[in-house]
Structures are given as C-alpha cells and as structure tokens.
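Observations on the model geometry
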Amino acid sequence: MITVLVFAFFGLLALAIPVAHVLVMASGAAILYSQEFPVMLVAQQMVNQTLSFPMLALPFFILSGSLMMSGELGEKLIGFATELVQRFRGGLGSVTVLGSCVFGGVSGSAVADATALGGMLIPWQIREGYPAGFTAANNSAAASIAILIPPSIPFILYSLVSNVSIADLFVAGVLPGLVLTAGFTLVCNLSARMRGFPMTKTPFDRKKCLSLFRSALPALLMPFMILVLLRFGFATPTEVSVIAVFYALFAGFVIYRDMTMKRFLQALIAAGVATGVVMLVIMGSAIVGWMMTYAQVPQMFAAWCLTTLKAPWLIILAMIVIMLIAGMFIDLPAAILLLGPIFVPLSEAIHFDLTQLGLVMVLTLAIGLYTPPVGTTLFISSSIARVSILRASVE
C-alpha cells in the first residue's frame, strides 16, 4: 500500500498536478490497490481532519491579514520602513527586508508578503537603479521572514501534527525572525557596497519618522497583542484569531477610516480562497498521514535512523537534508503536514525539543520558497520584476 502511495504521489507530482489533488488521488489509488479498506475511508479522514477547534484560527488569522494589508495601513508601514533605512547603503533593498518583518506580524504568510511588498517596492527599486534580478531575489528571500513572526500560518499547521502549543511556537519564532532580518539587511548593505548600487541621499527627518511610526503603530502592535494574549493565557489561539479580525476591522473603520464594504468583501473572498487552498492540503495530508501511521512508517523510520545513524546530530542533519530536498518540490504547508508525523516521533526518540524542531522545519522548508523548481515567492517576485527565474536564482 505504501509503495503504491509513494509511486503514485511522485508520478502525479511530476505531471504538475497541484499537491492537494495529488495527495487525495495517490491515497485513493493506494487504498483501492490494497483492498483492505473501503474507499469511503478517504472522505472520512478528510472530514475528520477538519473537526478541530484550534483549526478555526487558520481562516481568522488569514482574514485579519487580508483586512490589515489591503488599505492605507500597507502604505504607512512601507513609509515607516523606508524612512528608517533608505539613507544607508543598500537602503532600498533593506526596506524590503524590514517591510517583510513588519508585514509578517500582520499577514503570517510568505506568499502574501511577497505579493504585497513586491508589487509596491520592486518597480520603485528598479527605477532607482537596482538590478531587476537582485530586487526579485531579495523580495523572494525576505518573504520567508514573514512566516516566523506571529501570527505564522506554518506554525499553526505544525502544531496540528505535533500537538505543540501555538503560543510556544509564536514566541520561539520572534528572535529567529529578528536575527534573519538583521542578517538580510547586512547582505543588502554588503551587496550595495560591492556592486555600487545607488544610494539615496535623502536626510533623516525625525518628525516625519515619528509621524509615520504613529500611523503604523496599530499594525506594529498586532504581533505583540497576539503574543501577550497567548503567552499569559488570556485567550486560546482560536479566540485570539477572532480578536485579531475585530482589531483589523477597528483599525480600518475607526483609526484609518478607509475600510469600505467593497474592500471588506474583497478581503473576505481573498481569505476564503486562501483558506480553501490550505484546507484542501490539510485534508489530503490527513489521509496520507493515517496510512503512514497504519503502516507504522514513522516508527520504522525512527528505528532505522537510531540503528544506522545513531548520533543525534547526524539524525538532525539528515532531517534537515530531507527537508531541503522536499522544500524544492513540495509547497511548504504540504511539506510540514507530510514530514511532521514522521519527524516528530524521531525527534522524541533522540530528545530533540519539538518546539525547536518546528523552528528548524519552518526555516528549512522556507528555503524552498525561493529555490527552483517550485519556488513560490521566487516565481511571484520574478514575474513582478519581469526577469527570468534563472537570473533571479543566480542573484
């Protein structure tokens, strides 16, 4: 059964069929071949996976991000980030990095981040003299910061397969996200010095910066609000996600006063589509996960690693290599849901903290977002910059 599942999965994936459909079709083919279970099991497992109260946090966090990013708030955030770093070497590239860090606290999605920021910043950076390939590469890589800053959608998905607290994952992601921001900013600075990128000579305006900070403050406070409510037990993740939606509506209707019914409906539709895509992947992976559990694949894989590799650091290195390869061909949500049930028992066997595993998994699989051949954020950024995937990849 597992052999048929693996061959069907990679065969259908090679035909460029969406991963969510591949999961359902491959598992259905494996069950039909085995003749041990009724085909109705596929539908049952798909539905059972959705009957989870914490999973309600997913659509509400996506909706709050859609509401916050679609109005005047986005311009205020970009203006604030620009005023902070544009006068430094590589400042325009650093605006993308800092913007990804700030937008991550609103959207929690690398794809949404790459689309929103790229549409605003890439054309501007090209007009200012930055190479189109560099702007595309910078935007696609910096978008990975967004999935480390709360509310992170990948962390929510990982919590579903590992039973790790969402609050612990959100808190653990903040420091790596800030370190990654500093590292990407340093790369932009060094690249600008070595390659002679143009430098903006606009002087720092303290009053303008403070004004932009006050305007962007509602968005900047959102990740802190989420962390405080979760960390101190004031609300569950699902309740916090609903609070985030009302907070976004309050910011749009009362603070910025740019929220209209048309914009609200557009945000609802966008959130519904994004939720549907993720939910279909979750439902499809539930069948595959059940089949692997029934065949005891995680236990056999853990036993093989413990007897063959033995040393914990070698096992962790092997997991990272597998995740790097998987991230190149499988979308991040699907990769988390597929690899999580296999790696969690193995990590418990070598006493590797599951929260740390979540960080390693999200960070490692995020590299696949800007690595061909799948490279979701790379494709988005390259299309905005109107350069080839090869040129952006070289940068």
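Residues numbered from 1 in each chain as written. Predicted model: local features only at pLDDT ≥ 70, side-chain atom pairs only at ≥ 80, totals over all residues. Heavy atoms only, no water.

Here we look at the overall build of the chain
As a reminder, the rule being used: The helix count covers DSSP runs of H or I at least four residues long, the strand count covers runs of E at least two residues long, and both are numbered beginning at the N terminus. With the radius of gyration taken over C-alpha atoms, the globule rule is written as 2.2 Å times the number of residues to the power 0.38. Relative accessible area decides the class of each residue, using a 1.4 Å probe on protein chains only: under 20% of the type maximum gives buried, over 50% gives exposed, and in between gives partly exposed. Any two residues whose heavy atoms approach within 4.5 Å are treated as being in contact. Each accessible area is a Shrake-Rupley estimate made with a 1.4 Å probe; only the visible protein chains count as cover when residues are assessed. When charges are counted, neither His nor the chain ends are considered; positive counts come from Lys and Arg and negative counts from Asp and Glu. A charge is said to be at NZ when it belongs to Lys, at CZ for Arg, at CG for Asp and at CD for Glu.
Looking only at helices and strands, the chain has 19 helices and zero strands in total. For the chain, the C-alpha radius of gyration of 22 Å lies close to 21 Å, the compact-globule estimate for 395 residues. A buried classification covers 52% of the 395 residues belonging to the chain. Pairs at least 24 apart in sequence give 77% of the contacts found in the chain among residues at least 6 apart. Just so you have it, the chain exposes about 17,600 Å², and 70% of that area is on carbon and sulfur atoms. Within the chain, one finds 18 positive and 14 negative side-chain charges whose respective centroids are separated by 14 Å.

Digging into helix 9 (residues 153-162)
Put simply, the rule is: Pairing of N or O atoms within 3.5 Å defines a polar contact, subject to two protein rules: one partner must be a possible hydrogen donor and the other a possible acceptor, and residues neighboring in sequence count only if both atoms are side-chain atoms.
Burial runs high along helix 9: eight of the ten residues are buried. Among all positions in helix 9, only I153, P154, F155, I156, L157, Y158, S159 and S162 are buried. Near the N-terminus of helix 9, the side chain that reaches the backbone nitrogen of F155, with its oxygen 3.3 Å away, is that of S152. Looking one or two residues beyond helix 9, the residue adopting positive phi is N163, at roughly 60°.

Some details on the packing of helix 3 (residues 40-50) against helix 13 (residues 261-294)
The line we're drawing: Lines are fitted to the C-alpha atoms to define the axes, a helix being fitted only along its stretch in contact, and any angle between axes, read from their N-to-C directions, falls within 0 to 180 degrees. Orientation categories follow fixed angle ranges, with anything under 35 degrees roughly parallel, anything over 145 roughly antiparallel, 65 to 115 roughly perpendicular, and all other angles oblique. The crossing is said to be left-handed when, going from far helix to near helix, the turn is anticlockwise and less than a right angle, and right-handed when the turn is clockwise. Think of it as three bins: nonpolar holds Ala, Val, Leu, Ile, Met, Phe, Trp, Tyr, Cys and Pro, charged holds Asp, Glu, Lys and Arg, and polar takes everything else, Gly as well.
For the pair helix 3 and helix 13, the least separation of the axes is 8 Å and the interaxial angle reads 120°. Relative to helix 13, helix 3 is oriented oblique. For the crossing formed where helix 3 meets helix 13, the hand is right-handed. For the pair helix 3 and helix 13, contact is made by L41, V42, Q45, M46, Q49 and T50 and by M279, L280, I282, M283, A286, I287 and W290, respectively. In terms of residue class, the contact of helix 3 with helix 13 is built from ten nonpolar, three polar and no charged.

Some details on the confidence of the model for the chain
So the rule is basically this: pLDDT runs from 0 to 100 and stands for how confident the predictor is about each residue.
For the chain, the average pLDDT comes to 82, and 98% of its residues sit at 70 or higher. Within the chain, helix 17 (residues 354-367) carries the highest mean pLDDT (92), whereas helix 5 (residues 72-85) carries the lowest (73).

Notes on the nonpolar core
Selection criterion: Definition of nonpolar core: a set of buried residues of the types Ala, Val, Leu, Ile, Met, Phe, Trp, Tyr and Cys, connected through side-chain atoms within 4.5 Å.
Grouped together as the largest cluster of nonpolar side chains are 128 residues, with contacts concentrated most on L58, F61, M68, L77, Y158 and F170. Apart from residues no more than four positions distant in its own chain, Y158 is found in contact with V164, L169, I336, V344, L354, L357, G358 and M361. Core analysis: the next-biggest nonpolar cluster, separate from the first, contains seven residues, I122, L378, A385 and V387 among them.

Let's talk about the side chain of S100
The residue S100 is located in helix 6 (residues 91-107) in this model. On the basis of relative accessibility, which here comes to 0%, the residue S100 falls in the buried class. Those residues in contact with S100 that sit more than four places away from it in its chain are D113, L117, A142, A143, I145 and A146.

Section: the packing of aromatic side chains
Put simply, the rule is: By convention, a stacked pair of Phe, Tyr or Trp rings (six-membered ring in the case of Trp) has centres within 6.5 Å and planes under 30 degrees apart, an edge-to-face pair has planes over 60 apart, and any other such pair is tilted.
All told, the structure shown has four aromatic pairs when counted by the stated rule. Ring centres of F301 and F343 lie 6.2 Å apart, and the angle between their planes is 40°; this geometry places the pair in the tilted category. Residue F301 is found in helix 14 (residues 297-308), and its partner F343 is found in helix 16 (residues 332-349); the two are separated by 42 residues along the sequence. Overall, F301 belongs to the partly exposed group, its relative accessible area being 23%. A relative accessible area of 1% places F343 in the buried class.

Here we look at the side chain of N189
Mapping N189 onto the fold places it in helix 10 (residues 166-195). On the basis of relative accessibility, which here comes to 18%, the residue N189 falls in the buried class. Polar contacts involving the side chain of N189 include one to the side chain of R193, which spans 2.8 Å.

Points about unusual backbone geometry
Cis rather than trans, the peptide bond between P150 and P151 has omega equal to 0°. Along the chain, the position of P151 falls in the loop between helix 8 (132-142) and helix 9. Here N163, not a glycine, exhibits a phi torsion of approximately 60°, which is positive. Along the chain, N163 falls in the loop between helix 9 and helix 10. The class for N163 is exposed, based on a relative accessible area of 72%. Positive phi, close to 60°, is recorded for R386, a residue that is not glycine.

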